[in-house]
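Letter by letter, the chains look like this.
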Amino acid sequence: MNVLVLNCGSSSAKFAVIDPITSQQAVAGIAQRLGAPEASCDWVIDGTKHSRPIPGAHHEEALRAVVALLQELGLAESIVGVGHRVVHGGSRFASSMRITPEVIAKVEECVPLSPLHNPPNLLGIRIAQELFPRLPQIGVFDTAFHQTMPPVAYTYPVPHDWLDTHGVRRYGFHGTSHRFVAKQAVVQGQFDPHDHRLVTAHLGNGSSCAAVRDGLSVDTTMGLTPLEGVMMGTRSGSIDPAIIGYMATATGQSEQAVIDALNKKSGLLGVSGRSNDMRTLEQAAADGDVRAQLAIEIFCYVLAKAIAGLVVPLGRLDALVFTGGIGENSVLVREKVVGLLPFLGLTIDPVSNASHGRDRAGCITTRTRPQAMVVRTNEELMIAMDTAEIVQRG
Ligand code: AMP
């Protein structure tokens, strides 16, 4: 049994065919630079990379090319359902859902909350419905896991009608990843599935942390949009909101232009003036680049403050879980962050920290209660598992 997982962005469509029972990935790929002459469909099968030009292809042609590829590979017949990543489900979805006209209408209502992501997600759903008319389509929402946050965590201290009339509240993102690694961490750390307190730190180009109590998200760092929270690759994370008006006036730019700079030119890139890529910055910092050093210091400092803050709703900490491209791979970031949190009972074990990573999950501290650990995330597998479960439920 296989599931086709689709993640449609504005100029790309990621796809994977996964067996949710064995976790085996038959093929994974991306159709990218859509709409451009150099558009291509790239995929990996058995560790070997392949690429096929699809010049000028938009989403529809690209997904047709994916279907043709799945037929060539003999996979098309084995697919029992299509799982779609949907970025913003607002307050309307607390779990993954079979896609119906009502579900599509609700996702459309969430477009103002995520104007860049929800429209291509919806486009992907519409095309997949046409290409696979007999297969169930399932929506898996980045926001759904955080719908268990209590009002004290999701309500902004702003005029109340902003929430009632405009839906201004904290929703949180990366929910599929936080849910996946929290489940893995409970198994790996041998915690009680009904009594555990975790902080999960998904650190990649986009980064967020979540407080997970007994399998449920009780708080998280991202908010109405993925701009809030910790420092990221190109996003500032939380700042004084008055900076937006101040900089608009000071530079004569529109507020939207300032917000764009907070999304695309800030974070690691903004502080370092060099790169949003942690690998590049680690190298530059080691070579003596002072701004790269400062960018890494701020990244770790802001992160440690957020992690400590998320222990408030938990009351105690059993594990701090590192995941995502930086969390799984950066020995330096893990060492610095844990080094800022001795009062939580965490002490890094340098040997374990250096020997664990993306391909080797495990504890990186001297003690196991509480512990810091590395867990590899797998959002596609989580989407495939949700899809299979809903398909089997009928
Ligand atoms: P993601 O968005 O989850 O793919 O993560 C991308 C981030 O992970 C980038 O900042 C990469 O530089 C970072 N990353 C990947 N590998 C490493 C590594 N070996 N050391 C440090 N950072 C890494």
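The notes below deal with the structure included here. Residue indices begin from 1 for each chain and proceed along its sequence in written order. Note on the predicted model: pLDDT of at least 70 is required for a residue's local features to be given, and 80 or more for side-chain atom pairs to be given and counted; whole-chain, interface and lining totals, by contrast, use all residues. Hydrogens and water are ignored here; the side-chain numbers use all heavy atoms of the structure.

1. Description of the overall build of the protein chain
Of the regular secondary structure elements, the protein chain holds 15 helices and 14 strands. The C-alpha radius of gyration of the protein chain comes to 21 Å, within 12% of the 21 Å expected for a compact globule of 394 residues. By principal-axis analysis of the C-alpha atoms, the protein chain measures approximately 55 × 55 × 45 Å. Once local pairs closer than 6 in sequence are excluded, the contacts in the protein chain between residues at least 24 apart make up 61%. Accessible surface for the protein chain amounts to roughly 17700 Å². Of this, 54% is attributable to carbon and sulfur atoms. Secondary structure elements follow DSSP: runs of H or I no shorter than four residues count as helices, runs of E no shorter than two count as strands, and numbering proceeds from the N terminus. Only C-alpha atoms enter the radius of gyration, while the globule expectation follows 2.2 Å times N to the 0.38, with N the number of residues. Residue contacts are defined here by distance: any two heavy atoms, one from each residue, within 4.5 Å place the two residues in contact. Every accessible area reported is derived by Shrake-Rupley at a probe size of 1.4 Å, with residue values counting cover from the shown protein chains alone.

2. Describing the sheet that holds strand β8 (residues 137-141)
Strand order in this open sheet of eight strands is β5-β4-β3-β2-β1-β6-β8-β7, and the pairing throughout is mixed. In this open sheet, the two strands that pair with only one neighbour each are β5 (48-53) and β7 (97-98). Looking at chain direction, β7 and β8 are connected through two bridges and run antiparallel. Counterpart to Arg 98 in the pairing with β8 is Ile 138. The criterion for strand pairing is that DSSP finds at least two bridges linking the strands in question.

3. Structural notes on the environment of Ala 284
Here Ala 284 is to be found in helix α10 (residues 278-286). Filtering out sequence-adjacent residues up to four positions away, Ala 284 remains in contact with Arg 274, Asp 289 and Ala 292.

4. What about the packing of α10 against helix α11 (residues 290-314)?
Packing of α10 against α11 brings their axes to within 8 Å, and their N-to-C directions diverge by 125°. Viewed along their axes, α10 and α11 adopt a mutual orientation that is oblique. Read as a crossing pair, α10 and α11 show a hand that is left-handed. Residues Met 278, Leu 281, Glu 282, Ala 284 and Ala 285 of α10 form the contact with α11, whose participating residues are Ala 292, Gln 293, Ala 295, Ile 296 and Phe 299. Here the nonpolar group is Ala, Val, Leu, Ile, Met, Phe, Trp, Tyr, Cys and Pro; Asp, Glu, Lys and Arg are the charged ones; every other residue, Gly included, is treated as polar. Split into classes, the residues belonging to the contact of α10 with α11 amount to eight nonpolar, one polar and one charged. Orientation is described by lines fitted to C-alpha atoms, with helices fitted over the stretch in contact, and by angles between N-to-C directions that extend from 0 to 180 degrees. Orientation labels follow simple angle bins: below 35 degrees gives roughly parallel, above 145 gives roughly antiparallel, 65 to 115 gives roughly perpendicular, and whatever is left gives oblique. Crossings are classed by handedness, with left-handed meaning an anticlockwise turn of the near helix from the far one by less than a right angle and right-handed meaning a clockwise turn.

5. Things to note about the pattern of salt bridges
Here, a salt bridge means any side-chain nitrogen of Lys or Arg that lies within 4 Å of a carboxyl oxygen of Asp or Glu. This structure, assessed with the given rule, holds 17 salt bridges. Arg 92 serves as the salt-bridge partner of Glu 109, at 2.6 Å between the closest nitrogen and oxygen. Placement of the pair is Glu 109 in helix α2 (residues 101-109) and Arg 92 in the loop between β6 (79-86) and β7, with a sequence separation of 17 residues. Partly exposed residues are those whose accessible area sits between 20% and 50% of the maximum for their type, while under 20% is buried and over 50% is exposed, using a 1.4 Å probe and protein chains only. Taking relative accessible area as the criterion, Glu 109 reaches 45% and is therefore assigned partly exposed. Exposure remark for Arg 92: the relative accessible area of 44% places this residue in the partly exposed category. In this structure, the salt-bridge partner of Asp 195 is Arg 197, at a minimum N-O distance of 3.9 Å. With relative accessibility at 12%, the residue Arg 197 sits in the buried group. Within the structure, one salt-bridge network assembled from shared partners comprises Asp 195, Arg 197, Arg 316 and Asp 318.

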